[in-house]
Every structure is written in C-alpha cells, then in structure tokens.
Amino acid sequence: MTSRDLGMEEAKGLVKHVLLVKFKEDIPADKIEELIKGYANLLNLIDPMKSFHWSLSLSLIFMGTDVSTENLHQGFTHVFESTFESVEGVAEYLAHPAHVEFANEFLPAAEKVVVIDYKPTAVKLP
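Counted according to the given criterion, the structure contains 10 aromatic pairs. Ring-pair connections join several aromatic residues into one group, and the members of that group are Phe23, Tyr39, Phe52, Trp54, Phe80, Phe102 and Phe106.

Here you go:
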C-alpha cells in the first residue's frame, strides 16, 4: 500500500527544514533575540530559502508552565521552520557561506539541537 492509496500526496519538491533548540541557560534573552533575527535574515541572503517561521515552546510562552499534557518537549525552548523548493535547495542553503557563518555563531549558544528535513505529505479526505 502506498501513500497515494491512502489518499495522501507528497508536495512536489517542497522541503521543510525544522530545527528544535534548547539554548544554554547562560545565554541572555537579547542574544537569543539577535540570533533569531540573524536566522530570519538568511531569508534575504540565500535564494533557495523561501520562508522562515519560529516560535517559543509553549512551555516558555506560559511562564515556564508546560501546557502540553504529553510533556514530551524534552527541554527544547524554540522551534524554527524554513521552507525550500527542493532537496537541492536545502543542500545549497547548508553550504552557503552566510549559513556557515551564522551556524558558527548560533550553535555555540545551543545546549542541544535536533534538525529534521522532510517533504510534506497532504492527506485528502473523502
């Protein structure tokens, strides 16, 4: 059985790049804000990057109280999502000098990171 048999269709070429981050506790809020602005600015510098979104974990938004009944955030504090038109676009982004320079600034501020790249699949309901 394929995804098509289940009424699902993979988005043509589209790739999502998701980054989960827990910043080190000693990183000041203004430094984190600066890093977020720097990440968003990559959208202006790297053509294959088509969109950028970010958010705090809901556990931080509600004054340190985790509102998730699942409690599976594992301490991650921020989520970042970028969209690319293709897998090749992600590869170009990763190798781009602006990304390499930014990563060298961003990653030392992170205690832990998870990166997931995926091609979204839409489910068509009957």
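With that out of the way, let us pick up the nonpolar core. Among the nonpolar cores identified, the biggest contains 22 residues, and Phe23, Tyr39, Leu42, Phe80 and Phe106 are the most heavily contacted of them. Of all the secondary-structure elements, those providing two or more residues to this core are strand S2 (15-23), helix H1 (29-45), strand S3 (49-56), strand S4 (78-84), helix H3 (87-95) and helix H4 (97-106). Top element by residues in this core is H1. It accounts for 5 residues. Sequence-distant contacts of phenylalanine 106, defined by excluding residues within four places in its chain, comprise Leu19, Val21, Phe23, Leu35, Tyr39 and Phe80.

Mapped onto the elements of the fold, tyrosine 39 is located in helix H1. Once the C-alpha coordinates of tyrosine 39 and serine 82 are considered, the two residues, 43 residues apart in sequence, prove to be 9.9 Å apart. Beyond its immediate stretch of four places on either side in the chain, tyrosine 39 contacts His17, Leu19, Met49, Phe52, Phe80, Ser82, Tyr93, Phe102 and Phe106.

Okay, the packing of H3 against H4 next. It is the contact of H3 with H4, at a shortest axis distance of 5 Å, that shows an interaxial angle of 60°. Taken together, H3 and H4 sit at an angle that is classed as oblique. Across the interface between the two elements, Tyr93, Leu94 and Ala95 of H3 pack against Pro97, His99 and Val100 of H4. Each residue belonging to the contact of H3 with H4 can be placed in one class, and the counts come to 5 nonpolar, 1 polar and no charged.

All right, on to the sheet that holds strand S5 (residues 110-118) then. One open sheet holds the 4 strands; their spatial order is S3-S4-S2-S5, and the pairing between them is antiparallel. Looking along the sheet, the strands with just one partner apiece sit at the ends: S3 and S5. Strand-to-strand twist across the sheet, computed as the mean angle between neighbouring axes with direction ignored, equals 15°. Sheet topology note: the S2/S4 ladder contains 7 bridges and is antiparallel.

Next up on the list: the layout of surface pockets. Considering only enclosed or pocket space, the second largest pocket measures out at about 150 Å³ in volume. Every residue lining the second largest pocket is listed: His17, Leu19, Tyr39, Tyr93, Leu94, His99, Phe102, Ala103, Phe106, Leu107, Val113 and Val115. Listing elements by their share of the lining of the second largest pocket, those giving two or more residues are S2, H3, H4 and S5. If one sorts the elements of the lining of the second largest pocket by residue count, H4 sits on top with 4 residues. By residue class, the composition of the lining of the second largest pocket is 10 nonpolar, 2 polar and no charged.

Within the element layout of this structure, serine 51 appears in strand S3. Residue serine 51 is classed as buried on the basis of its relative accessible area, which comes to 18%. Here the side chain of serine 51 touches threonine 83 through a polar contact of 2.8 Å, side chain to side chain. Those residues in contact with serine 51 that sit more than four places away from it in its chain are Leu43, Glu81, Ser82 and Thr83.

Parameters at a glance
Residues numbered from 1 in each chain as written. Predicted model: local features only at pLDDT ≥ 70, side-chain atom pairs only at ≥ 80, totals over all residues. Heavy atoms only, no water. Phe/Tyr/Trp six-rings, centres within 6.5 Å; stacked < 30°, edge-to-face > 60°. Core = buried A, V, L, I, M, F, W, Y, C linked by side-chain atoms within 4.5 Å. Buried < 20%, exposed > 50% of the residue type's maximum accessible area, 1.4 Å probe, protein only. Helix = DSSP H or I, 4+ residues; strand = E, 2+ residues; numbered from the N terminus. Contact = heavy atoms within 4.5 Å. Axes fitted to C-alpha atoms, helices over the stretch in contact; angles between N-to-C directions. Parallel < 35°, antiparallel > 145°, perpendicular 65-115°, else oblique. Nonpolar A, V, L, I, M, F, W, Y, C, P; charged D, E, K, R; others polar. Pairing = 2+ DSSP bridges. 1 Å grid on protein atoms, 1.4 Å probe; cavity = no way out; pocket = protein on both sides within 12 Å on 5 of 7 lines; lining within 4 Å. Points joined across faces, edges and corners; volume = space filled by probe spheres on them. Polar contact = N/O pair within 3.5 Å; in protein donor to acceptor, adjacent residues only side chain to side chain.

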